[in-house]
Amino acid sequence: MGEGNKQFFTIMEAPQNIPISDYTYNLPDERIAAFPLPERDASKLLVYREGTITESVYKEIDAFLPEGCLLVFNNTRVINARILFQKATGGTIEIFCLEPAGTINEYSTVMSQTGSSTWKCLIGGASKWKEGPLTKQLRIQDADVTLEVRLVEKLADAYKTAFSWQPAHFSFAEIIQTAGDVPLPPYIKRETTGSDAERYQTIYAQWEGSVAAPTAGLHFTSHVFEKLALENISHEFITLHVGAGTFKPVKASTMQGHLMHAEWIDVSAVTIGNLIEKLKDGIIAVGTTSLRTLESLYWLGVKAHLQPDADALQLAQWDVYEPPLNNTNLTAAEALQALLLWMHQRNMAALFTQTQLLITPGYRFRMVMAIVTN
């Protein structure tokens, strides 16, 4: 017991020093499903409870959840972030949209931009794109549209690129929906098909902005939601737009050397109030994106408590492991109340900000009692 406690405190004091090699494992290609099952809720479900592993299917998940608990889902929507442009010489340049460039107040504003939009992108074949714009011809609502992209500048880990199009009255959402493809995860070794546009979205996907799906939610169906309601299991939606980090390989030898990309979260004050009400019944995160958002809300609440006059609240990668945050004894309810007060004083109906929270071994969860994950 003494040795175990020593390890715990060592991890909590310096999670940055954890070797990445401790998490290296072999995943054979034949163990990766290239296509989803025809029925979403027929996927296998592994249940780990009190040291025991059992197996079921997602359509029976209600049998394993405590009555009265709250499931929290990420309702982000995947955008067609992968756009191929043909060079005049015949070569192909792949533009992968990661996130909007510059300051934004909400994603919906960016997606509704007309005429032009500037994004941080990954570029496949960037060395072959010497100069000048690339163009692509589209057909939207019986109109011919010319899409143009220019390389603005090289960033540390991406490129700043400027899109423009004519006619200019179409929104960027309409442009990317027509011009791009769904960006399947890199471990899916196949080309996209027509069915991916629907199956790589959760049935409750709403707010466009992710470059990858919150995959744990892909297995939930209307039938499953109906069964959950019969067991008095309620649900809430939060938004985290999955960003570049999901595709970034880990090349560092320790966690200290791996940079977590900041991702945008969007949570309403009403939802935060509902979370406070359900803390006593238990909150279960559906997916790691929901988990990170929920835990980030706690720490943002701690920041609001410690810095009530702060103009903005954000969470950096190691904040929660360092003073003053790691010395807090606020309960989850107290932290969320502090966050709501901070928002109320600024007339904010929703919290839209960035989080880089990295959850490492030894982390103590403040908000969540369990997780449904892939």
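Look up a bit, the structure's there.
Residues numbered from 1 in each chain as written. Predicted model: local features only at pLDDT ≥ 70, side-chain atom pairs only at ≥ 80, totals over all residues. Heavy atoms only, no water.

## Section: the sheet that holds strand 12 (residues 234–241)
Logical step 1: An order of 15-13-12-3-14-16 is seen for the six strands of this open sheet, with the pairing classed as mixed. Both edges of this open sheet fall to strand 15 (350–355) and strand 16 (370–372), since each of them pairs with a single strand only. Averaged over all neighbouring strand pairs, the angle between strand axes comes to 25°, with direction disregarded.
Logical step 2: Here three bridges tie strand 12 to strand 13 (residues 263–268), and the two strands are oriented antiparallel to one another. Pairing of L240 across the sheet is with I265, part of strand 13.
Logical step 3: Along the sheet, helix 6 (residues 269–278) makes contact with strand 3 (70–74), strand 12, strand 13, strand 14 (283–286) and strand 15, crossing strand 13 at roughly 75°. (Pairing = 2+ DSSP bridges. Helix = DSSP H or I, 4+ residues; strand = E, 2+ residues; numbered from the N terminus. Axes fitted to C-alpha atoms, helices over the stretch in contact; angles between N-to-C directions. Contact = heavy atoms within 4.5 Å.)

## What to know about unusual backbone geometry
Glycine aside, residues mostly have negative phi, and peptide bonds are mostly found in the trans state.
Logical step 1: Here the residue pair Q166 and P167 is connected by a cis peptide bond, since its omega of -5° sits within 30 degrees of zero.
Logical step 2: By the secondary structure assignment, P167 is in the loop between strand 10 (159–166) and helix 3 (172–179).
Logical step 3: Residues P323 and P324 are joined by a peptide bond in cis, for which omega reads 0°.
Logical step 4: Along the polypeptide, P324 turns up in the loop between helix 7 (288–306) and helix 8 (332–344).
Logical step 5: With phi around 50°, E50 is a residue other than glycine that occupies positive phi space.
Logical step 6: Here E50 lies in the loop between strand 1 (44–49) and strand 2 (52–57).
Logical step 7: Positioned with a positive phi, Q141 is a non-glycine residue whose angle comes to about 50°.
Logical step 8: Locating Q141 in the fold gives a position in the loop between strand 8 (134–140) and strand 9 (143–154).

## Some points on the packing of aromatic side chains
Logical step 1: Following the criterion strictly, the structure yields 16 aromatic pairs and no others.
Logical step 2: Taking the centre distance of 5.0 Å and the plane angle of 85° together, the rings of F73 and F220 count as edge-to-face. One end of the pair, F73, is in strand 3; the other, F220, is in the loop between strand 11 (207–210) and helix 5 (222–230), and 147 residues separate them in sequence.
Logical step 3: Classification of F220 by relative accessible area gives buried; the value is 0%.
Logical step 4: Here the aromatic rings of F220 and F225 are separated by 6.0 Å at their centres, their planes lie at 40°, and the arrangement is tilted. No difference in accessibility class separates F220 from F225, as the two residues are buried.
Logical step 5: The ring of Y159 carries K154 above its face, with NZ or CZ at 5.1 Å from the centroid. (Phe/Tyr/Trp six-rings, centres within 6.5 Å; stacked < 30°, edge-to-face > 60°. Buried < 20%, exposed > 50% of the residue type's maximum accessible area, 1.4 Å probe, protein only. Lys NZ or Arg CZ within 6 Å of the ring centre and 35° of its normal.)

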